[in-house]
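# Structural characterization, general
The residues making up each chain are set out below.
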Protein chains: 6
Amino acid sequence: MTQTYLRSAGRAANQLRPVRITRGFTVHAEGSVLIEFGATRVLCTASVEERVPPHKRGSGEGWVTAEYGMLPRATHTRSDREAAKGKQSGRTQEIQRLIGRSLRAVFDLSKLGERTLTLDCDVIQADGGTRTAAITGAFVAARDAVNRLLADGKITESPIKDAVAAISVGIVNGVPLLDLEYTEDSACDTDMNVVMTGAGGFVELQGTAEGVVFSRDEMNALLDLADQGIRQLIDLQSRA
Amino acid sequence: MTQTYLRSAGRAANQLRPVRITRGFTVHAEGSVLIEFGATRVLCTASVEERVPPHKRGSGEGWVTAEYGMLPRATHTRSDREAAKGKQSGRTQEIQRLIGRSLRAVFDLSKLGERTLTLDCDVIQADGGTRTAAITGAFVAARDAVNRLLADGKITESPIKDAVAAISVGIVNGVPLLDLEYTEDSACDTDMNVVMTGAGGFVELQGTAEGVVFSRDEMNALLDLADQGIRQLIDLQSRA
Amino acid sequence: MTQTYLRSAGRAANQLRPVRITRGFTVHAEGSVLIEFGATRVLCTASVEERVPPHKRGSGEGWVTAEYGMLPRATHTRSDREAAKGKQSGRTQEIQRLIGRSLRAVFDLSKLGERTLTLDCDVIQADGGTRTAAITGAFVAARDAVNRLLADGKITESPIKDAVAAISVGIVNGVPLLDLEYTEDSACDTDMNVVMTGAGGFVELQGTAEGVVFSRDEMNALLDLADQGIRQLIDLQSRA
Amino acid sequence: MTQTYLRSAGRAANQLRPVRITRGFTVHAEGSVLIEFGATRVLCTASVEERVPPHKRGSGEGWVTAEYGMLPRATHTRSDREAAKGKQSGRTQEIQRLIGRSLRAVFDLSKLGERTLTLDCDVIQADGGTRTAAITGAFVAARDAVNRLLADGKITESPIKDAVAAISVGIVNGVPLLDLEYTEDSACDTDMNVVMTGAGGFVELQGTAEGVVFSRDEMNALLDLADQGIRQLIDLQSRA
Amino acid sequence: MTQTYLRSAGRAANQLRPVRITRGFTVHAEGSVLIEFGATRVLCTASVEERVPPHKRGSGEGWVTAEYGMLPRATHTRSDREAAKGKQSGRTQEIQRLIGRSLRAVFDLSKLGERTLTLDCDVIQADGGTRTAAITGAFVAARDAVNRLLADGKITESPIKDAVAAISVGIVNGVPLLDLEYTEDSACDTDMNVVMTGAGGFVELQGTAEGVVFSRDEMNALLDLADQGIRQLIDLQSRA
Amino acid sequence: MTQTYLRSAGRAANQLRPVRITRGFTVHAEGSVLIEFGATRVLCTASVEERVPPHKRGSGEGWVTAEYGMLPRATHTRSDREAAKGKQSGRTQEIQRLIGRSLRAVFDLSKLGERTLTLDCDVIQADGGTRTAAITGAFVAARDAVNRLLADGKITESPIKDAVAAISVGIVNGVPLLDLEYTEDSACDTDMNVVMTGAGGFVELQGTAEGVVFSRDEMNALLDLADQGIRQLIDLQSRA
């Protein structure tokens, strides 16, 4: 493909935005991480509660779940507050279900004991990629919470089997790009969110054609980009 | 891969369940299709309304949207009725958003005029693959509704650019299978829903690892299966 | 009365529409009946659950209840989906309460054991008389579910004391008619729904004047018609 | 029938409880009536608003509607407040729809002009027969509101075509009784609510067998009782 | 301050409206009081239930709580019914929380036993001061309910430590006034609700500047007025 | 009073916690302020929208309103997410109404033009005093938004008449304290929130006795403390 697309800040097509992971961003949660993908900022907290939802009661196993929210003015124009509207949008529910599944993919729930780990991912500022930042940050918060459980002697073995991170990729004006920011996301023909483990396995793959369908070749180009990006994120998580 | 998995009714790994498409299943809707993928039965109706949602008003363009529901006893055990609970589940919303996006991918909204086409996909009986049957059947119902608009002289050119169909694929006991039924869906390690056009482009791709992550090779095997299946479905749609 | 009213399909004033009862319409429910009164089609499923609502807990008695729904495009123009609106209309609640009371009238709850029988009546296509078709069909579904409980040895004696069926009657242009279809229902001065047992006792009687009040004589003429119609329905139920 | 039933306060089987109608019970509403059927007390207010619901806009016609509520401790034991629970029960909706239909039966909406008359019927104290007291009181409140519209010159001709009132009848221990109080209502085999006009026509008739079905003869005995009772109520309304 | 303000009915600035307290207004509740502050009329019932909310279970202590409502036509123009809207307004919740806290301030919950006292305060007619009338009346209803518990031998010592009453004060056209009626409330610059005990201690103090801020001196003038008014109310309560 | 109470970090009874005001904390909002009162951190954004609520349409005046929220893990133990529960608590509504009234007290709405200024106050971390921090921070965010309107030439004169700030005061173990942190708030006998303007007028005053009533003298001591604290906050606001 010979088309070109000029990204902001001179970013290369296969380049992540600057990623910043701040642990201990708030004090009460067992894990609290502010993750930044460029101007996207998501606060991910991990809360441990000594009870499980009904479908796990008496199973000896724990549960890992996630909730997602966006502050009303995280976006360019103010969005309605979901608490005031009285319901979460379909988009919100889709994203929080995705985060929950992604985290559970790297947890051995039987080693967690009958307790629940809730990942709250709240977007402070949005500039594209909030769900992928949320997954990547939630993993770090979850790890911190697990380490506290280990330190407190509540569990003796870590239930975490592998790291997990996520990135978006997409085709804008025919050019495959890594880690879309908002203007790119709005303009893209195809948008794909990829969730992978440290070992390189796929956990979730969600590709959507926005206007123009995509081919197998394009998909492969996107997955190559995603693979590169996720390796870097996994590395950043472990160094955080 | 040398593992094997015996499917019910002696079905081959790359074989669709018997597909049946009944047009005109109910009389009031502009398009009304009962689609069956084996024991999965979904009633898809297409309703034309001469108004558009706020974001399309005055645009000269139409809108295509979908709603999904499941009768309480479509499933093995009775599920709560969403109308009685007072809200649609996250799963329901995810599915109806997926159906809507899939259908819009093959519509030129500017040729529809300022009217809305609503696809109601209601599951009468569930045995796996309800969302893929819904997309496949909704396309036929939409086409019937469009034909009525053409016949009535309300539009002069079809807004439908291509056919669209969907199928699920998954890995069960290490074996890639086409068109999962309920028992396979429950047992699978990886579950992927693929939406493609008649021309073979991807519209949506949603893969989820349930327990075990999946590799690039496995994904490719699944996409090959899906590609085969969707070609057959597109053919069945055009013959219906 | 010397007025006349020409019914569609040459139907006589005291004639039911063609009634069709299809048992085993879906596979999962303990009882599953598609009932058709002319173009009105209602799917009635009976689900057995081994628990009772709070007011019956520990009583040794069971419970019989009903829920009613209408697919959005069961009607001439599309109605909003109640699950999407987040509440059931007053009409829906009235109807499902009526179905529940009608069925309980022929059940000896003490012989059901502490279990719940839920009748889900979902209108696939509406052309007047959905509530009466629902009651008539729900009884057949309930009977099938009871027979399964007997066959499974879960109960040793049938809790069903008698059959129950329902029909609408009304006065259109001064003419008393049996089993109103939609156009008649819209045009009628008086509309009455009658629920009776096999032994000919009244279970429910709901008459409403729409515009013009009705006299005692008119009511008697309507009840005579209803009595005839219900005898035929009871006969059809037992032969189904 | 030779059975007997001793009513409280030596009341005869065909005797109404003391009825008291207090007009102008509150000051703000265009009509405000406290109606008492024995210990049952319902406040009925009629409010005039210079707008109509969407289905009447531009029709030149008005609308008459009703809402019903029960104070939490109107009953023997406290009921949950519907505003706190976030929804009106099926029973509440059934009753308010019945009140609305009953009042509309005696209104010529074209003479009301494009305005809405809302009847709020709030039960201060309940002892059986709240819906029949509500209809009977609401008519008086509606009449007062109409008289004010006439006095203010907003309409020149009354839209009220006839009076309307309602009473309950039922069979308790085999004895047909007029105007059931709570203990009778709880014990009755059959319960019927009858709404009639001043001219003696039926507006609504709702009979329900509670446990034991009822025969045509029993129904006729009940209607005779109701007819007597309603004549007295209509008389009391006109003298109020 | 030399400004003057002429109150309706020749009322002095420091004069309460006529207060009327009717005990036993309805028959079912353990305490039932109609309280009138001029044209403001609030029905306060106290209901005893032999259970406590979760946070008190097993504590040996009871709970006192309140709910507040306004009949739709208690006001000059009709307000929407909260039960029909499906939620209580922020104002309603604020007021019922205030009533609950005010009552709890004079209760020793350990002497109530594990039971709940619910004060339902429903405004029959509104003319300003509904929340202060509600608190003042609810105390009398609560006292009656406690006396019944004592009479029934369910408790041996009264949990009531002191009386509690409330009044509004405000500055209208620069003049501090006691017990604002609706027209004064609408016109006032500052509005303050004061809740005090029989011993003269403050329980709640809520002052709001409507348009013009208020000074310390003005606040002191208002508190002097409130103090006077509440002494009179406490006296009226004890004589009721 | 000779009692003593040792505050954390050696804080004096009349000493504020360290206050930090960070302007421009997020990039999209017209005003965005992170305010910290010790460990309490609230993000206050001001959003300008070119429309007003119905009661202001066509008035030529603008509107100022506020919404309040708390991230689920802002607190010691995780609280339910209000968006997931489907409604805002009474406490949330009380606080956001208080913030809105406080801000409106210093706005001349006629100078704002027909536009709405929405203050979103979201608690990132809670340690007592979230509502007073919210009011204090919201004022700074509102001022920034107003300055942008002035800079953009959308208004020519500032609608802000004075500054506004808020602080909590309370009596803990008999000692009046300024700016309660969480442990003090939980232990206090009396809790008062005071909102004042730069000119020293009261906007809101909300005092609540928690367990022990408070006297006029105690109230005066608390108001003296609040007055001191608010002067400092107003000073910090103007220097921010």
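Residues numbered from 1 in each chain as written. Chains lettered and ligands numbered in written order. Predicted model: local features only at pLDDT ≥ 70, side-chain atom pairs only at ≥ 80, totals over all residues. Heavy atoms only, no water.

In plain terms, the rule: UniProt positions are given in the numbering used here, feature names are shortened, and annotations may be inferred rather than shown by experiment.
Within an unreviewed UniProt entry, the label attached to chain A reads Ribonuclease PH, and the organism entered is Pelomonas baiyunensis. As its UniProt record puts it under Sequence similarities (unreviewed entry), chain A is described as follows: "Belongs to the RNase PH family." Comment text from UniProt for chain A, heading Subunit (unreviewed entry), reads "Homohexameric ring arranged as a trimer of dimers."

## So, the packing of aromatic side chains
In plain terms, the rule: Two rings from Phe, Tyr or Trp (for Trp, the six-membered ring) form a pair when their centres sit within 6.5 Å of each other. Planes less than 30 degrees apart are called stacked, planes more than 60 degrees apart edge-to-face, and all others tilted. Charge over a ring is defined by NZ of Lys or CZ of Arg lying within 6 Å of the ring centre and within 35 degrees of the ring normal.
Within this structure, the stated rule accounts for 6 aromatic pairs over all chains. The ring of F25 of chain B carries R41 of chain C above its face, with NZ or CZ at 5.0 Å from the centroid.

## Thoughts on the UniProt feature "domain: Exoribonuclease phosphorolytic" (unreviewed entry) in chain A
Inclusion rule: Where helices and strands are cited, they refer to DSSP runs of H or I of at least four residues and of E of at least two residues respectively, numbered from the N terminus.
Under the UniProt annotation, the feature "domain: Exoribonuclease phosphorolytic" (unreviewed entry) is placed at residues 15-145 and 162-227 of chain A. As annotated, residues 162-227 of chain A comprises 27% helix and 44% strand, and the C-alpha atoms at either end are separated by 16 Å.

## Remarks on the pattern of salt bridges
All names here are of chain A. Rules: Only one rule defines a salt bridge in this text: a Lys or Arg side-chain nitrogen within 4 Å of an Asp or Glu carboxyl oxygen. Burial classes: relative accessible area under 20% of the type maximum marks a residue as buried, over 50% as exposed, and values in between as partly exposed (1.4 Å probe, protein chains only).
One pass over the structure, following the stated rule, counts 144 salt bridges over all chains. E184 is the partner of R11 in a salt bridge, and the nearest nitrogen-oxygen pair spans 3.7 Å. Here R11, found in the segment before β1 (19-23), pairs with E184, found in helix α4 (residues 182-187); they are 173 residues apart in sequence, far enough to count as distant. For the pair formed by R11 and E184, the shared burial category is buried. Put simply, R7, R11, R17, D127, D179, E181 and E184 are held in one network by salt bridges that share partners.

## Let's talk about the sheet that holds strand β3 (residues 40-49) of chain D
Residues and elements named next belong to chain D. Stated formally: Two strands make a pair as long as DSSP finds a minimum of two bridges between them. Axis lines are fitted through C-alpha atoms, for helices just across the contact stretch, and the angle between N-to-C directions can take any value from 0 to 180 degrees.
If you trace the 5 strands from one edge of the open sheet to the other, you get β1-β2-β3-β5-β4, paired in mixed fashion. The open sheet has two edge strands, β1 (19-23) and β4 (63-70), and neither has a second partner. Neighbour-to-neighbour, the strand axes of the sheet open up by a mean angle of 15°, direction not taken into account.

## With respect to the packing of helix α3 (residues 130-151) of chain E against helix α5 (residues 216-239) of chain E
Residues and elements named next belong to chain E. The condition that has to hold: For this classification, under 35 degrees means roughly parallel, over 145 means roughly antiparallel, 65 to 115 means roughly perpendicular, and everything else is oblique. Crossing chirality is assigned from the near helix's rotation relative to the far helix, an anticlockwise turn below a right angle marking it left-handed and a clockwise turn marking it right-handed. Only heavy atoms matter for contacts: two residues are in contact if any of them lie within 4.5 Å across the pair. Ten residues, namely Ala, Val, Leu, Ile, Met, Phe, Trp, Tyr, Cys and Pro, are considered nonpolar, four, namely Asp, Glu, Lys and Arg, are considered charged, and the remaining ones, Gly among them, are considered polar.
As a packed pair, α3 and α5 sit with axes 10 Å apart at the nearest point and diverge in direction by 30°. Overall, the two elements α3 and α5 adopt an arrangement that is roughly parallel. The way α3 lies across α5 gives a crossing that is right-handed. For the pair α3 and α5, contact is made by T136, F139, V140 and R143 and by L233, Q237 and S238, respectively. Per-class residue counts for the contact of α3 with α5 are 3 nonpolar, 3 polar and 1 charged.

## So, the arrangement of the chains
Where chain A comes nearest to chain D, the C-alpha atoms are still 12 Å apart, and the two do not contact one another. The least C-alpha distance between chain C and chain F, which are not in contact, is 11 Å.

## Notes on the sheet that holds strand β1 (residues 19-23) of chain E
Residues and elements named next belong to chain E. Taken in spatial order, the 5 strands make up an open sheet running β1-β2-β3-β5-β4, and their pairing is mixed. Of all strands in the sheet, those with a lone pairing partner are β1 and β4 (63-70), marking the two edges. Strand after strand, the sheet turns through a mean of 20° between neighbouring axes, direction not considered. Sheet analysis places β4 next to strand β5 (residues 116-125), joined by 8 bridges and oriented parallel. Across the sheet, W63 pairs through a bridge with T116, a residue of β5. Along the sheet, α3 contacts β1, β2 (31-37), β3 (40-49), β4 and β5; its crossing angle with β3, the most-contacted strand, is approximately 35°.

## As for the interface of chain A and chain F
In plain terms, the rule: When two parts are put together, the accessible area they lose, computed with a 1.4 Å probe and summed over both, is reported as buried area.
Facing the 37 residues of chain A at the interface are 37 residues of chain F. Counting the surface lost from both chain A and chain F, the interface buries some 2900 Å², and carbon and sulfur atoms represent 50% of this. The three residues of chain A that bury the most area against chain F are H28, R73 and R78 of chain A, which together make up 27% of that side's buried surface. Scanning the region where chain A abuts chain F turns up 12 salt bridges. The partner of D122 of chain A in a salt bridge is R81 of chain F, with the nearest N and O atoms 2.9 Å apart.

## Some points on the packing of helix α2 (residues 90-104) of chain A against helix α3 (residues 130-151) of chain A
All names here are of chain A. In the contact formed by α2 and α3, the axes pass within 10 Å of each other and the chain directions differ by 40°. As summarised for this structure, α2 and α3 are arranged oblique, according to the angle between their axes. In the packing of α2 onto α3, the handedness of the crossing is right-handed. Touching R91, I95, L98, I99, S102 and L103 of α2 are T130, R131, A134, I135, A138, F139 and A142, all from α3. Per-class residue counts for the contact of α2 with α3 are 9 nonpolar, 2 polar and 2 charged.

## Concerning the relation of the copies chain A and chain F
Inclusion rule: Superposition of the copies used a least-squares fit over C-alpha atoms from residues whose pLDDT is at least 70 in both.
Expressed as a screw operation, the relation of chain A to chain F combines 0.0 Å of axial shift with a rotation of 180°, fitting to an RMSD of 0.0 Å. Viewed as a symmetry operation, the transformation between the two copies matches a two-fold axis. Comparing interface residues between copies, 100% of those in chain A also sit at the interface in chain F, which points to an isologous, same-surface contact.

## Focus on the side chain of T116 of chain B
Residues and elements named next belong to chain B. What counts is decided by this rule: Two N or O atoms form a polar contact when they lie within 3.5 Å of each other; inside protein one atom must be a possible hydrogen donor and the other a possible acceptor, and for residues adjacent in sequence the pair counts only when both atoms belong to side chains.
Its place among the elements puts T116 in strand β5 (residues 116-125). For T116, the side chain forms a polar contact with the main-chain oxygen of R51, separated by 2.5 Å. With near-sequence residues (within four places) excluded, T116 lies in contact with S47, V48, E49, R51, V52, P53, W63 and T65.

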